[in-house]
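A look at the structure
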Amino acid sequence: MTSTTRGVGLAALEVAVPDVEIVAAGPDDSVDGTPVSFVASPTSTAEVAAVLRAAVEHDLSVVARGAGTKLTWGAPPARADLLVDLFGMDRVVEHSAGDLIVHVEAGLQLAALQQVLEPDGQRLAIDPVTGSRRLGTVGGLIATGASGPLRLASGGVRDLLIGVTFVRADGVVAKAGGKVVKNVAGYDIGKLLTGSFGTLGIITEAVFRLNPVPAASRWVTMSAGDATTVGEVVQTVIHSQVVPSALELDRRPDGTAEVGVLIEGIVDGVDGRVQGLERLLGAGESSDAPPPWWGHAPWSAGDTVLRLTTEIAGLPKLLDALDDATSGLSRRPAVRGSAGVGLLHASLPSDDSAAVAEAVTSLRHQSTRWSGDVVVLDAPGAVKRAVDVWGPVRGLDLMRRVKDQFDPHHRLAPGRFVVGV
């Protein structure tokens, strides 16, 4: 049977884009429960552009996919006629080790990129947490703005991205930024695309600034029995002279918590800073290996995942409010993340979607106490139907105007980002 959608058959798309593999979508090709009709697998930026032009011609909505590890993040798209699979675009275009720059295609897995950089003693200082065994791609990393422990010292994706190639909704190829930092001029479109969930353009190539791999790395961990103690430890480390590369929190459903600090640099310097930190804290254990929870997501399949932001000083208030808001759930939340930058993830049981929605609403009402936001990053469909996953958003009118400029017909992942975007 020939697959059709919106009056368009597979054969018509094959004629429109003869050089790109396009097939009828299978049962595993849906986007967060939204069915897909066709899957295109381009292998170059030019082929992605051809696919987008065909989508315009046949009035098809489009969602991009890399490894598929984050397709359930955010809201389900209102429709997703055509899935553009970028997983085959996995080449390192150029690695300029002397300039600490790498140019890659969007379908390259982050782990594979790090392996390419390792022989030159370099790394892309991005280590996003994930709840999947699959390894995410560079394009998905940019589209979702995912980050991990190293964000404290090195910044997030938007800070390391210095050049980007993307295809607009009308099929036109656009570029922003440059191959070296000093050549970057004009509007920083890369920052705009970061975290846009594929609603403004399909990212096909990226240029990143790299960092040398440090000669030594040590982790210092200590227990913290309650929210107040967690806040005190985090504040002490942040305001100390040890200059940590990462400052992470792991708070378990039983209420016990551990704070971990990563110290990196030359061997002698790391040893001295570790000793100084242990004296400062009056407790803690150091190790050449990270604690087992380090860099791992606190959620399991089927959980509701919250992304929580806070001022550093407001961390104890956030943790206490989270406990209060979720007291009616079947288990307390697990919380983990970058306490040093005020970005945490919490996992809630999803067996009672109404109770989860009530907990999220309660947290949002209190969020001004810690100057943060509460986003439902991922959740089963019942929870997403019960609560607005993005919640109140500042600058919504501006976001809508940007969307209308980049994608006037709302063809790219419509509705996956905040309301109307």
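Look up a bit, the structure's there.
For the structure given in this document, a descriptive report is provided here.

Calculation criteria
Residues numbered from 1 in each chain as written. Predicted model: local features only at pLDDT ≥ 70, side-chain atom pairs only at ≥ 80, totals over all residues. Heavy atoms only, no water. Phe/Tyr/Trp six-rings, centres within 6.5 Å; stacked < 30°, edge-to-face > 60°. Helix = DSSP H or I, 4+ residues; strand = E, 2+ residues; numbered from the N terminus. Buried < 20%, exposed > 50% of the residue type's maximum accessible area, 1.4 Å probe, protein only. Pairing = 2+ DSSP bridges. Axes fitted to C-alpha atoms, helices over the stretch in contact; angles between N-to-C directions. Contact = heavy atoms within 4.5 Å. 1 Å grid on protein atoms, 1.4 Å probe; cavity = no way out; pocket = protein on both sides within 12 Å on 5 of 7 lines; lining within 4 Å. Points joined across faces, edges and corners; volume = space filled by probe spheres on them. Nonpolar A, V, L, I, M, F, W, Y, C, P; charged D, E, K, R; others polar.

Let us now look at the packing of aromatic side chains. Counted under the stated rule, the structure contains six aromatic pairs. Pairing Phe 197 with Trp 390 gives two aromatic rings, centres 5.3 Å apart and planes at 85°, and the pair type is edge-to-face. Note that Phe 197 is positioned in the loop between α7 (189-193) and β12 (202-209) and Trp 390 in the loop between α12 (381-386) and α13 (396-406), a separation of 193 residues in sequence. The pair Phe 197 / Trp 390 is uniform in exposure class, with both members buried. Here the aromatic rings of Trp 219 and Trp 294 are separated by 6.3 Å at their centres, their planes lie at 85°, and the arrangement is edge-to-face. In this pair, Trp 219 sits in strand β14 (residues 216-224) while Trp 294 sits in the loop between β17 (285-287) and β18 (304-309), placing the two residues 75 residues apart along the sequence. Here Trp 219 matches Trp 294 in class, with each residue buried. In textbook terms, an aromatic cluster arises when at least three aromatic residues are bridged by ring pairs, as seen for Phe 197, Trp 390 and Phe 417.

Attention shifts here to the sheet that holds strand β3 (residues 21-24). Strand order in this open sheet of four strands is β3-β4-β6-β5, and the pairing throughout is mixed. Looking at strand neighbours, the two that pair on one side only are β3 and β5 (62-65), the edges of this open sheet. Neighbouring strand axes in the sheet, compared pairwise and without regard to direction, differ in orientation by 25° on average. Note: β5 against strand β6 (residues 82-85), four bridges, orientation parallel. In the sheet register, Ala 64 faces β6, and the bridge partner there is Val 84. On top of the sheet, helix α2 (residues 45-57) reaches β4 (38-41), β5 and β6; it is set at about 175° to β6, its chief contact.

Moving on, we get to empty space enclosed by the protein. Remark: the empty space left among the atoms is shown by a probe the size of a water molecule rolled over them. Following the criterion strictly, the structure yields three cavities of 30 Å³ or more and no others. What the largest cavity holds in volume is close to 320 Å³. Lining the largest cavity are 27 residues, and of these Ala 64, Gly 66, Gly 139, Gly 140 and Ala 143 lie nearest its centre. Listing elements by their share of the lining of the largest cavity, those giving two or more residues are β5, α4 (138-144) and β12. The element best represented in the lining of the largest cavity is α4, accounting for four residues. Along the lines of polarity and charge, the residues of the lining of the largest cavity split into twelve nonpolar, twelve polar and three charged.

Let us now look at the environment of Gly 391. Structurally, Gly 391 can be placed in the loop between α12 and α13. A relative accessible area of 12% means that Gly 391 is categorised as buried. Taking the C-alpha atoms as reference, Gly 391 lies 29 Å from Val 259; in sequence the two are 132 residues apart.

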